[in-house]
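Tertiary structure, described
Okay, here's what each chain looks like letter by letter:
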Protein chains: 2
Amino acid sequence: MKIAVISIGDELLKGTIENKNLAIIGKELKKMGIVPSLQMTIKDSKDDIIECLDYLNENFDIIISTGGLGPTDDDLTVKTFADYYGIKLYENRDVIKHIQNILNQKNKPISRYNLTQAIVPEGCTIIDNPNGTAPGVFFEYKNQKIFLLPGPPYEMQPMISNHIIPYIKSNYDYNKTYFNSAYAVNFPESEIQRTVTEKIKPPENISVAYRAYNGVCEITFSSNSKKFTDEYFVKFKKLMGNYLLAENYTNLVEETISLLKKHNLTLSTAESCTAGMIGSKITDISGVSSIYKGGIISYSNEIKEHILGVKNSTLEKHGAVSRECAEEMVKCICSKFSTDAGISVTGIAGPDGGTEEKPVGLVYIAVKLYDHIVIEKCNFIGNRNRVRQRVRGN
Amino acid sequence: MKIAVISIGDELLKGTIENKNLAIIGKELKKMGIVPSLQMTIKDSKDDIIECLDYLNENFDIIISTGGLGPTDDDLTVKTFADYYGIKLYENRDVIKHIQNILNQKNKPISRYNLTQAIVPEGCTIIDNPNGTAPGVFFEYKNQKIFLLPGPPYEMQPMISNHIIPYIKSNYDYNKTYFNSAYAVNFPESEIQRTVTEKIKPPENISVAYRAYNGVCEITFSSNSKKFTDEYFVKFKKLMGNYLLAENYTNLVEETISLLKKHNLTLSTAESCTAGMIGSKITDISGVSSIYKGGIISYSNEIKEHILGVKNSTLEKHGAVSRECAEEMVKCICSKFSTDAGISVTGIAGPDGGTEEKPVGLVYIAVKLYDHIVIEKCNFIGNRNRVRQRVRGN
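Summarised in this report is the structure supplied together with it. (Residues numbered from 1 in each chain as written. Chains lettered and ligands numbered in written order. Predicted model: local features only at pLDDT ≥ 70, side-chain atom pairs only at ≥ 80, totals over all residues.)

On to the pairing of strand S10 (residues 207-213) of chain A, then. Residue and element names in this part refer to chain A. Counting buried residues in S10 gives five out of seven residues, a clear majority hidden from the surface. Pairing analysis gives seven bridges linking S10 to strand S11 (residues 216-223), with the strands arranged antiparallel. Counted as the bridge partner of Arg-211 is Glu-218 from S11. (Buried ≥ 20, exposed ≤ 12 C-beta atoms within 10 Å, placed from the backbone. Helix = DSSP H or I, 4+ residues; strand = E, 2+ residues; numbered from the N terminus. Pairing = 2+ DSSP bridges.)

Take the relation of the copies chain B and chain A next. The transformation that overlays chain B on chain A combines an axial shift of 0.0 Å with a rotation of 180°, and the residual RMSD is 0.1 Å. Each copy turns onto its partner about a two-fold axis. Ranked by how close their C-alpha atoms come to the rotation axis, the residues of chain B are headed by Gly276(B), at 1.8 Å. Take the interface residues of chain B: 100% of them recur as interface residues in chain A, which is what a same-surface contact looks like. (Least-squares fit on C-alpha atoms with pLDDT ≥ 70 in both. Contact = placed C-beta atoms within 7 Å.)

Residue and element names in this part refer to chain A. For helix H14 (residues 323-336), spanning 14 residues, the distance from its first C-alpha to its last is 20 Å, which sits close to the expected 20 Å at 1.5 Å a residue. Counting buried positions over the 14 residues of H14 gives 11, a clear majority of the element. Those residues of H14 lying buried are Cys-325, Ala-326, Glu-327, Glu-328, Met-329, Val-330, Lys-331, Cys-332, Ile-333, Cys-334 and Lys-336. Ser-338, located one to two residues past H14, shows a positive phi value of around 50°. (Expected span 1.5 Å × (residues − 1).)

Once that is clear, we can look at the interface of chain B and chain A. Facing the 81 residues of chain B at the interface are 81 residues of chain A. When grouped by side-chain class, the residues that make up the side of chain B that touches chain A number 34 nonpolar, 27 polar and 20 charged. Relative to strand S2 (residues 38-42) of chain B, strand S2 (residues 38-42) of chain A runs antiparallel, the two being bridged by five bridges. In the strand pairing of S2(B), Thr41(A) is matched with Gln39(B). (Nonpolar A, V, L, I, M, F, W, Y, C, P; charged D, E, K, R; others polar.)

Right, let's get into the environment of Ala184(B). Residue and element names in this part refer to chain B. With respect to the helices and strands, the residue Ala-184 is situated in strand S9 (residues 178-185). With 33 residues separating them in the primary sequence, Ala-184 and Cys-217 have C-alpha atoms 5.1 Å apart. Beyond its immediate sequence surroundings of up to four residues, Ala-184 is in contact with Ile-192, Cys-217, Ile-219, Met-240, Tyr-243 and Leu-244.

What follows is about helix H12 (residues 301-308) of chain B. An α-helical segment advances 3.6 residues per turn. Residues three or four places apart therefore align on the same side. Among the residues making up H12(B), those that are buried are Ile303(B), Lys304(B), Ile307(B) and Leu308(B). Angularly, the buried residues of H12(B) cover 110° about the axis, an arc narrow enough to put them on a single face. Looking at the buried side of H12(B), the elements it contacts are strand S13 (292-298) and H14 of chain A together with strand S12 (267-271), strand S13 (292-298), helix H13 (312-318) and helix H14 (323-336) of chain B. Phi for Gly309(B), located one or two positions after H12(B), is positive at around 105°. (Arc of directions from axis to C-beta.)

Let's shift gears to the nonpolar core. Buried together is how nonpolar side chains tend to be arranged in soluble globular proteins. Membership of the largest hydrophobic core comes to 88 residues, with the highest contact counts inside it found for Ile64(A) and Ile64(B). In this structure, Ile64(A) is in contact with Ile3(A), Val5(A), Ile25(A), Phe147(A), Leu149(A) and Ile164(A), ignoring residues within four places of it in sequence. Judged by nonpolar contacts, the second largest core, of 80 residues, contains Leu362(A), Cys273(B), Ile291(B) and Cys325(B). (Core = buried A, V, L, I, M, F, W, Y, C linked by C-beta atoms within 7 Å.)

Set out below in structure tokens:
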């Protein structure tokens, strides 16, 4: 089955916003063993939409388009698609009611521009949008199924999970792709490839994909046979042994939190250069309040000393970016917050503040569990943003 | 001038990662008054790359491709492009040296797979990659300029800013687009459109684009004439008056930080449900250490009470998610951290913890400057992720 994703919006091409929708759609489809064949980002322009549809033509079973459903003149998606496929438009009363409800909820006035969102192709199916005024639109043309969804990810996502995925599941008998992924640490991508090629020689019908990022290498085996994929995956895991992260690894944070929960251990954080990125990342996971108590963002030395409790002599002698300071930070936070475990970070994110001895990218990360402390010295390459991201781990 | 961006990588279509490169490229080009015409995301597949190049054909002056330059078998970009354009490949000695240097720096072994990254098209120009082993590749075919760049954003970005942008600037005499953007608050997108259409009637050659997000509406006027764009922008600003954010507004955080810096005011944060998102956002901006001292992540009530200093009676009587608690949090953080200004957040991000009286999405945000405190009660719609994002403001 061939699926094309179209992202419509000048703001994507101008770089005003990142396209988050492809990743959301891709992730949902992958769970079903499908990978979209292609994605195109085009402008809010009638000509560009037509050119894109000409190209996709009848080669795709499903077209999922996002964006261009807003109430303003630059939103052309529904009208252009309907014109292209020769379908008339009409004003849908249920959608008008929906728009009125949503705007009432938000205490906003209704104008004739809002009502343009109720103009939809004849015979289409409306997909409810609980998070906004623009309805999703679904229609068929010959053997092609076409979905027009709003651009904001939080409006689009529920439509994908609640409508489009179930629709595909129950209407298509497709050739599923089976994926098995493993995650290796301290083992370079190219070395893993060498090992795989030399030792287990996956046959032609198994694809192996490698992706190295932030010190973790993701290796994915896939094929149309579950048995085959599983077999080679078992071989691979035997081969790599201790270099692989846990079986159901999704990311290091989730892994860590689930271990802490399992052992009923509490956690706190003391952050300097990351200034809340670690705390924020931990609390991305819901239900973490049973183990994460909170932390101190000690961005200035004053706070490191007077609030967190790092000794003045440590700051004077070794500086804030030092093994000694990281160690004291993690000890202080665990004792202050009465937690079993703690994480501290202190470093130079740049662009300023680097010296020859302590360059931009130098970061000390300390982790404490009971009386055991591990301190890692890292030298990250890249700009401020990149250094901070490397510490956070994505 | 027509520019196409190609993003190559299974991981983008499978949703393993978001495509950050288009936004980076788009932003850099926009500064020069250029918007890419089209972006396509395709798999690491020879056939798919060929199909894409067939489609782009000679309609584009510049093709910028990212991804598929890694050292493993699934990285096919350079070879497939060279084959397509009938250009032979060779091993470039300078690139070999570069790869050796980078791997030495990272204390990693070199294998023959790494050296595949030194195989490049004959006659191409190598674009240095200070942040990784894969070189960028630039070559021409007829009137088309083709750039092949690595996928990781921190490797690609410097190549765009330091090589491709200057190249375009000095080699093309293109028709520049002039953009003027304004940001309106408390004025719905559809109402702004109505006002613009009725009151200043922009002529055909001025495009007006609207984008509403998180309570701010961005309105962008653009045309090929600076004079025209400026003229209509002045009219628009007069029309909207106080509803517009500051002239050089880029985002609320930068705006706030620059105001604080200007008046030499210090800032601290006390975060509950956002658990560091605000601190992290503030410190995305470099040079903020002169005014931001840090904060307390008081994720649990225990920390709110014993570390931050919220009265037990407030928590008992009003609960942690209340106007009273937000107020005390901001007072406590300013006093504890001795800052002129403070921000506090307490709310229910969900999915659990909501009640009829205090539903998921209920968030209190308090802002204090000297003795003046403003507390905002918000009811955000959406899931955990969305609620937290709304608080952070992007």
